[in-house]
Amino acid sequence: MTTTNERPSLKELKVPAETRTSSRKPAAMPARPPKRLRTRLRENWMLTLFAIPAMVILLLFHYFPLLGNVIAFQDYLPFLGIDGSEWVGFDNFAILFNGDPAFLNAVKNTLVITFVQTVFVFPAPIVLALLLNSLVSNRLKGAVQSIMYLPHFLSWVIVVSVFQQLLGGSGFFNNWIRQHGGDALSIIGNPDGFIALITSQVMWKDTGWATILFLAVLSQIDTDLYEASSVDGASRWRQLWHITLPGMRGIIILLLILKLGDSLTVGFEQIILQQAAVGVGASEVIDTYVYNNGIVGGNWGVAAAVGLVKGVISVVLVLGANKLAHLFGESGVYQK
Amino acid sequence: MSTKLNVVAPVRKKSKLHNGQSMPHPLMRVFKGLVLTIACAAIVLPFVGIISTSFAGQDQITRAGGLVLWPEEFSLQAYESVFAGGVVSKALGVSIFVTTIGTALSLITTALLAYALSRPNMVGRGPMMMLVLFSLLFTPGMIPTYLAVKQFGLIDSLWALIIPTMVSGFNVIVLRSFFMGLPRELFDSAKLDGASEWQILRRIVLPLSKAILAVVGLFYGVGYWNSFFTALLYLNDSGLWPLQMVVRAYVVGGSQLSPAELGNPDVLPPQPAIQMAILMISIIPIVCVYPFLQKHFAKGVLTGAVKG
C-alpha cells in the first residue's frame, strides 16, 4: 500500500484493482511516475473531460491571440497572413518614440482622463457608502441601494442615449432652456466639456455599484469600537476619522492598486460611442487609437505594437503597485 | 433610584444607532436626505422621461420638442411599429438568441471547468489553474483577438458574439471557490457509494449551488445582452445586428427609422417615441432580472473579491 500515503486513502479503498497492481510490484518503482499519471487519468478522466471545453475556448481565444501579438513585429498584411508578412523588428514601436502627434494626443487624453476620474470618480462611492452606512433606517438604505445599483447593469449604449436625451442639443434640458427664452448650451458634442461629460457618465453609472464593497467592509467594523469611543465622548466626526476610515484603509488601497493597473484603460465603449460627436482631438485615447488605426485604418502592425506595450505596462503597473502595497504593510491584491 | 434609571435608559438607547454610532445632528440629516434624494432622482427621472415619451402622442412630443415627463395620452403606436417585423424586431431576436444560448453555454463550460479545478485529484489541475489565473492578468489585446476571430471564420457570424467571451476566468474562480467551500464529507460519502464525478456534480454539487449559479448566469446574461463592441468589431452585416447596435444607430446616432426599416407599420409614430420604445425594449430585460441579481450579487461580488 505504498500509494496510500500519497493519495486520499478513500480512493484507494474504493478501487481495489488499482491498489493491488501498485502494491504487488514494489520492484517496478522507477517506472511508477508515468504509470501513476495514467492510473490517475483512468480514475479521474471525467474531471479532465469536464475541463476541456472551457480550456479550449481559453486557449483559442485568449492564448492563441496572445501569440498573435507577434504581428507587432511585422508589416502585417491580412492577405499575406502571419506566415507571409514581412518581419520588421521593432519598426512598429517607433510610433512610441517618434513624437507622432496623434499618438501623443491619445496618451495625453488617456492620462488626463485617468487622473480626473481617480480624483472625482474614485472617492464618490466612499462618500456615498459612508452616507448610506450612517442611515438609521435599514429600509431606506435598502431602497436607495436598489435604485443606485441599477445603472451599473445598463449598457454604455443606453447610458450614452440617456445622457443625450437629457443634455443633448435637442435634449430635455436644452428644450426647457429654449422654452424659457434662454440659449441652448452645447454640452454634448462640445470638445472642451468632453472629459467632464464622460466623467459624469461614469459617476452616474457606477457610483452606486461601487459602494457595494465599501459597505461590506463597513459592516465588518467592530461596533464595540463605536460604543467605546462614544462613551469616551468622541463625536461622530472623530469616530469617522479614527475608526471608520482606518477600517476602510485596506479596501481603498486594494481598489487604488486595481485602478492603477487599469490606468491606461479608460471607457473604450463609452468613448467610441461619442467620438463622432466631439472628434478625435478631445476624445482619442489609447484603446480608440488602436481601434481606429488597426481595425478601421488597417495599420495592423502599429496598432498591435501599441496594444502590446499597453498590456505589458498594465501588468507591470499592477505588479508594482501590489509590491508597493506590501511595502506599506497592506495585503494588496494577492500574496505570495 | 430605579425610576431614575428608567428615565436614563431610553434616552441613551435612542441616541445610539444599530452600529453603535451616535445619532447624527438634525442639520446633517437634512443634508444627507437632500443628497440622497438628488442622487436617486438623477437615476429615476430619466427613466420616467423615457417611459413617458415612448407612450406619448405626436402633439405632445412636438410641443415638448423631445422628451416628455408624463404622457397626456397613452399610445402604444411606438411599440406596435417597433414590433412590426422590421429592423428592431429582428435585432431583438438576435439579442435573445445570443443571450440565451450564450448564457447557457457559458454557464455549462464555466461550471464544468470550475468543478474540475475544485477537485484535488484532477489531472492537470495546477497548470490549468495557472492558465486561468494568468488570463486575468494579461489580456491579448484587441487586434490579435480580432485577427484570431477572423482566422476562425467567425466574422459576420452570430457565434462571434458568443464564443470569444464565453469563458470568463473571473467567474471560473468565483465558482471554484464556492465549490471548494462545500463540505468534504459530501464528496467522500458519494465516492464511497460509487458515484461518478458526473453524478456528484449533477446530484450533489449543482443543487447546492443554485444561488451562485444564478448570479454567475445573470452576470453572463447581462454581459451578452449589453455587448455592443463585439458586434461592432465582428459583424459587418447590419442584418445581424443585436439590439444594442440598433440603439447605437437610431438613438445615439439619431438616424431616422424609415417605414420600410420598421416593417411598414400601419401608422408611423413620432421618431422620439420610436427611439424611446427601442430604448425601453433594451432596458426592460435588465430591469426584470435585476431583483434576482440584487438578491444575490453582494454574495457573488464578495466571493470574487475576497478569494480572487
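Data block above holds the structure.
Throughout what follows, the structure given in this document is the object of discussion. None of these values were measured; they are calculated from a predicted model.

### Regarding the interface of chain B and chain A
By a frequent convention, interface size equals the accessible area lost on bringing the separate parts together. The interface is formed by 97 residues belonging to chain B together with 89 residues belonging to chain A. Interface of chain B and chain A: buried area, both sides summed, is about 8700 Å²; carbon and sulfur atoms make up 76% of it. When the buried area of chain B at its contact with chain A is split by residue, V123(B), F138(B) and I143(B) rank highest and sum to 8% of it. Where chain B touches chain A, the interface holds zero salt bridges. Inspection of the chain B/chain A interface yields 14 residue pairs in polar contact (both at pLDDT 80 or more). Looking at the side of chain B that touches chain A, the element that brings in the most residues is helix α15 (residues 271-307) of chain B, giving 14 residues. Looking at the side of chain B that touches chain A residue by residue, the class counts come to 67 nonpolar, 21 polar and nine charged.

### Structural notes on helix α15 (residues 286-296) of chain A
Counting buried positions along α15(A) yields nine of 11 residues, so the element is predominantly enclosed. Of the residues making up α15(A), those classed as buried are I286(A), D287(A), T288(A), Y289(A), V290(A), Y291(A), N293(A), G294(A) and I295(A). Turning to α15(A), the residues buried within the fold contact α5 (101-120), α13 (268-278), α14 (280-283) and α16 (300-327) of chain A together with α7 (142-151) and α12 (229-234) of chain B. Backbone geometry just downstream of α15(A) places G298(A) in the positive-phi region, at approximately 75°.

### A closer look at helix α10 (residues 194-218) of chain A
Residues and elements named next belong to chain A. Between its first and last C-alpha atoms α10 spans 35 Å; for 25 residues at 1.5 Å apiece the expected length is 36 Å, and the two agree. The sharpest bend along α10 measures roughly 50° and falls at D206. The element α10 is largely enclosed, with a buried count of 19 among its 25 residues.

Definitions and limits used
Residues numbered from 1 in each chain as written. Chains lettered and ligands numbered in written order. Predicted model: local features only at pLDDT ≥ 70, side-chain atom pairs only at ≥ 80, totals over all residues. Heavy atoms only, no water. Contact = heavy atoms within 4.5 Å. Buried area = accessible area lost by both parts, 1.4 Å probe. Salt bridge = Lys/Arg side-chain N within 4 Å of Asp/Glu carboxyl O. Polar contact = N/O pair within 3.5 Å; in protein donor to acceptor, adjacent residues only side chain to side chain. Helix = DSSP H or I, 4+ residues; strand = E, 2+ residues; numbered from the N terminus. Nonpolar A, V, L, I, M, F, W, Y, C, P; charged D, E, K, R; others polar. Buried < 20%, exposed > 50% of the residue type's maximum accessible area, 1.4 Å probe, protein only. Expected span 1.5 Å × (residues − 1). Bend = angle between axes of the 7 residues up to and from the residue.

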